[in-house]
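# Breakdown of the fold
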Amino acid sequence: MMRSALSSWPLLLAAAALATIGGPVAASSPEPPLAGIRGARRSLRSSADDDPRVLAEAPAGSGNLPTVQVYVKASGNSPWLERSARLMRECTSTAPEGRVTFMFDNNNAENVDRLGLEFPNVEINHVDGTDNQGGYKTGDGQSTAEATKAQRIKTRMVFMDYRFNKLRKNPADFACYLDDDMAFNYQNLQADLASKMKECHPNCIVGEIFGNAEGHPWHYWTVGGWCMSHKLVREIGELLAKNSDETLNWKGSDDGGFNAALRYKAEAGELTLSYASSDRWFSELSIATLEDDKITKRTFFSERMEKGTNIGEFAQLRDKWSKEIDPGFLREVIERAAVYYVELVDIALRDVPALQMQGEPQLASDGLADVSTSDGEAIFPNRAELSLTPIRFQENEENPVVLQTLFRPTLHDKNIIEFESDYRSRYEKWVLEMHGSGEPTLATFHEKEGSDSYYAIWTKQGPSNLASAWQVDGSTSQGDFLHGYSYENPDEHDWLSAPLVEVDAPCFGAFTGWQPQSYGHVLDYHLSQVAFLAGRLSRECRLLLLEGPLQDILLAVDEELYNRVLWLSPGTVAKMKGSLAVAFHPSSLNDRTAVVPKWGANAYLQSWLNAIDYFVSDDEKVVVYH
């Protein structure tokens, strides 16, 4: 996580000095430092003449996906901070470290930075002078003027960060700037931009593009954000450094106003723009339908051009669509999308019962939730009516891009020629299977009225640590159980005759894995998986874990987390009313027992350990790894 106050960067001084070449120095101005440079309008020399990266940019079909630097316009105020936290949680896990940057204001800065510690692969920037970027929503004229000015400042700083951030070894092939209500799938975004390069290379602007037919030539603008190719970002960055908002004729916001300013320079012959509209971007002004078995996108712009629809009529159309759309179809749309309006997720999950969070967990004097024992036979006296249906894990597909990361194996052997082929094929297979599918899987039983969730770990030790997670409707005796790898049908273990504990908390998370009684394996594997589980769930949630060496480790490292855990003995069934999220990372090396597990959670482990305040005395020796 990186924290910067961008408008105080020393780099601004260097950029301002460069901006004076070829033009007079501006008089004092209320604009930000770079915007205060007023130069005479002149043609800019193409940066392709001296930039080897532009020559190396290959159009789609080269076999290489472009690198992308994603910037998110964010605010530290509530509820927008919570929205940013959601984007970090749901959108950044597949992006390379440092390739997603949240551009915050200085509101609530302490909590913003605390959030950044939970997501070490994400950069956090604070931009001075942008605290009122959302003021246009008040309807007050002065607040609107301050808000649009703040948006212009932050947009300028996106280009500054892209051009001058020395923490990145290489600038990305594309820079994208998105509103915080636009979610993204990083890998889909890469593929989408690659597919557009033939159409718009080398001065690409990709996104959901609208146009104004009354303009001559057509006036284009982006909705919800944009992506620009490296060459264009550099050229616009130079224009911003050498021109104030007034010189650019940039009067409005960071969307329509910004695109109008770019068009102004393009019409003056100082800039070349090539807009490419994507069918994989879905803003709040677009909807998805199924036509001829194909996902078809319709927007306010397309409806206006075809039918003369005005914005009010489209809002009614979209409201009707949101109520009638099949959530399963919309989930498929989101899965394939590059960028999408975040509220589409809520519509897509409409048929899934929402997690209900009410109150704090009731703690006993020992720091654990209240636990009482009862007889499983008494809950379901007629076991003949009890019926459970298996639910499979939904695991991410393995992606060979992991072989280009730090997990790529390196061979150190004097006989490298003789053994290299066998070594690489063997170890690349293992690396792909252990790390290639990214983060662990979370399978969630959501809270349902009249239903109870259950969790049990059946074996104490060994590579095949068997467990069960299931949910039963008390009125029908019907339910589902998690099936696959080391998770089994609880009926195979006669769970109704097993010891039962009833646990009380708003929500629960559970994990178990191979060799749970081995101190080394717990450090090497279990600790990161528990950090992932704790990081993905609310602090109100309690964790269900197997008793063993993990108890001593958590107590020594993080007593607060230790007190959130309910320690289960083998063969004990935990019954709960709240939701139950089960974390697991199955391995294709062994379908039943997952002898070689998958990792994918080390970033959560690092973030958790970095956030802990702990003290070690000079007389105390602590082994953190062996």
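This structure is a prediction, so every number in the text was calculated from the model and none was measured.

Definitions and limits used
Residues numbered from 1 in each chain as written. Predicted model: local features only at pLDDT ≥ 70, side-chain atom pairs only at ≥ 80, totals over all residues. Heavy atoms only, no water. Pairing = 2+ DSSP bridges. Helix = DSSP H or I, 4+ residues; strand = E, 2+ residues; numbered from the N terminus. Salt bridge = Lys/Arg side-chain N within 4 Å of Asp/Glu carboxyl O. Buried < 20%, exposed > 50% of the residue type's maximum accessible area, 1.4 Å probe, protein only. Expected span 1.5 Å × (residues − 1). Contact = heavy atoms within 4.5 Å. Axes fitted to C-alpha atoms, helices over the stretch in contact; angles between N-to-C directions. Disulfide = S-S within 2.5 Å. Parallel < 35°, antiparallel > 145°, perpendicular 65-115°, else oblique. Nonpolar A, V, L, I, M, F, W, Y, C, P; charged D, E, K, R; others polar. Core = buried A, V, L, I, M, F, W, Y, C linked by side-chain atoms within 4.5 Å. Left-handed = near helix turned anticlockwise from the far one by under 90°. Polar contact = N/O pair within 3.5 Å; in protein donor to acceptor, adjacent residues only side chain to side chain.

On to the sheet that holds strand β6 (residues 182-184). Taken in spatial order, the three strands make up an open sheet running β6-β15-β12, and their pairing is mixed. Each end of this open sheet is capped by a strand with a single partner; those strands are β6 and β12 (281-282). Alignment of β6 against strand β15 (residues 339-341), held across three bridges, turns out to be antiparallel. The partner of Ala183 across the bridge, within β15, is Tyr340.

Scanning the entire structure with this criterion turns up 21 salt bridges. The salt bridge involving Asp245 is made with Arg152; its shortest N-O contact spans 2.8 Å. With Asp245 in helix α8 (residues 245-248) and Arg152 in helix α5 (residues 141-164), this residue pair connects regions lying 93 residues apart in the sequence. The pair Asp245 / Arg152 is uniform in exposure class, with both members buried.

The next thing to look at is the pairing of strand β21 (residues 478-483). One ladder, built from three bridges, connects strand β20 (residues 467-473) with β21; its direction is antiparallel. Looking across to β21, one finds that Val472 is bridged to Gly479. Joining the antiparallel neighbours β20 and β21 is a turn of four residues, in which Ser477 adopts a positive phi near 60°.

Quick look at helix α3 (residues 80-91) now. Over its 12 residues, α3 runs 16 Å from end to end, which matches the ideal 16 Å to within 8%, given 1.5 Å per residue. Residues Leu81, Ser84, Ala85, Arg86, Leu87, Met88 and Cys91 constitute the buried set of α3. Where α3 is buried, its residues contact β2 (68-73), β3 (100-104), α4 (109-118), β4 (123-126), β6 and α13 (343-348).

On to the environment of Tyr71. Turning to its location among the elements, Tyr71 is positioned in strand β2. Accessibility expressed as a relative area gives 0% for Tyr71, which makes it buried. When the C-alpha positions of Tyr71 and Trp226 are compared, they lie 9.9 Å apart, and in sequence the two are 155 residues distant. Leave out the neighbours within four places in its chain, and Tyr71 touches Thr101, Met103, Val158, Asp161, Tyr162, Arg168, Ala175, Cys176, Tyr177 and Leu178.

Along the polypeptide, Leu566 turns up in strand β25 (residues 565-568). By relative accessible area, which is 4% here, Leu566 ends up buried. Residues Leu566 and Phe508 lie 58 residues apart in sequence; the distance between their C-alpha atoms is 9.7 Å.

Our focus in this paragraph is the sheet that holds strand β23 (residues 507-510). The pairing of strands in a sheet comes from backbone hydrogen bonds and takes either a parallel or an antiparallel form. Pairing is mixed across the open sheet formed by five strands, whose spatial order is β18-β27-β23-β24-β25. Two strands lie at the open edges of the sheet, namely β18 (441-445) and β25, each paired on one side alone. Recorded for the sheet is a direction-independent mean angle of 25° between the axes of neighbouring strands. Pairing analysis gives four bridges linking strand β24 (residues 542-546) to β25, with the strands arranged parallel.

Attention now goes to the state of the cysteines. Overall, the coordinates contain three disulfides when judged by the stated rule. Covalently, Cys176 is tied to Cys227 through a disulfide, its sulfur atoms 2.0 Å apart. Its S-S torsion of about 110° marks the bond between Cys176 and Cys227 as right-handed, since a negative value means left-handed. Within this pair, whereas Cys176 is found in strand β5 (residues 174-179), its partner Cys227 is found in strand β10 (residues 225-229), the two being separated by 51 residues in sequence. Note on accessibility: Cys176 and Cys227 belong to one class, buried.

Moving on: the side chain of Ser84. You can see Ser84 is positioned in helix α3. The contacts of Ser84, once residues within four sequence positions are left out, are Ala74, Phe102, Phe104 and Asp180.

Moving on: the pairing of strand β27 (residues 579-584). Within β27, six of the six residues are buried, which leaves it mostly tucked inside the rest of the structure. Side chains Ser579, Ala581 and Ala583 project from β27 onto one buried face, and the interleaved Leu580, Val582 and Phe584 project onto a second face that is buried too. Inspection of the sheet shows β18 paired to β27 by five bridges, in the antiparallel sense. In the sheet register, Thr441 faces β27, and the bridge partner there is Phe584. Inspection of the sheet shows β23 paired to β27 by four bridges, in the parallel sense. Pairing of Gly509 across the sheet is with Ala581, part of β27.

Across the interface, helix α16 (residues 519-536) lies against helix α19 (residues 602-611) with an axial gap of 7 Å and an inter-helix angle of 75°. Classed by the angle they form, the pair α16 and α19 counts as roughly perpendicular. Judged by residue contacts, Leu527, Ser528, Ala531, Phe532, Gly535 and Arg536 of α16 engage Asn602, Tyr604, Leu605 and Trp608 from α19. When its residues are assigned to classes, the contact of α16 with α19 shows six nonpolar, three polar and one charged.

Leave glycine aside and you will find that most residues have negative phi; peptide bonds, for their part, are mostly trans. In this model, Ser78 is joined to Pro79 through a cis peptide bond whose omega is 10°. The topology assignment puts Pro79 in the loop between β2 and α3. Along the chain, His201 connects to Pro202 via a cis peptide bond; the corresponding omega equals 5°. Structurally, the position occupied by Pro202 is in the loop between α6 (186-200) and β7 (204-207). Phi is positive for Asn249, which is not a glycine, with a value near 60°. Looking at the secondary structure, you find Asn249 in the loop between α8 and α9 (256-267).

Moving on, we get to the nonpolar core. Within soluble globular proteins, side chains that are nonpolar generally end up buried alongside one another. If you look at the biggest cluster of nonpolar residues, it comprises 53 residues, and the most contacted ones within it are Val70, Phe102 and Leu189. Contacts of Phe102, omitting those with residues within four sequence positions, involve Val72, Ala74, Ser84, Leu87, Met88, Thr92, Val122, Glu123, Ile124 and Asn125. Counting 32 residues, the second largest nonpolar core, distinct from the first, contains Leu523, Phe532, Ala581 and Ala601.

Our next topic: the packing of α16 against helix α17 (residues 549-557). Relative orientation of the contacting elements α16 and α17 amounts to 65°, with a least axis distance of 10 Å. Seen from above, α16 lies across α17 with right-handed handedness. Residues Tyr519, Val522, Leu523, Leu527 and Val530 of α16 form the contact with α17, whose participating residues are Pro549, Leu550, Ile553 and Leu554. The class makeup of the residues in the contact of α16 with α17 is nine nonpolar, no polar and no charged.

So, about the side chain of Thr130. By the secondary structure assignment, Thr130 is in the loop between β4 and α5. One polar contact links the side chain of Thr130 to the main-chain carbonyl oxygen of Val127, over a distance of 2.7 Å. Thr130 has contacts with Phe104, Asp105, Ala150, Ile153 and Lys154, leaving out every residue within four places of it along the chain.

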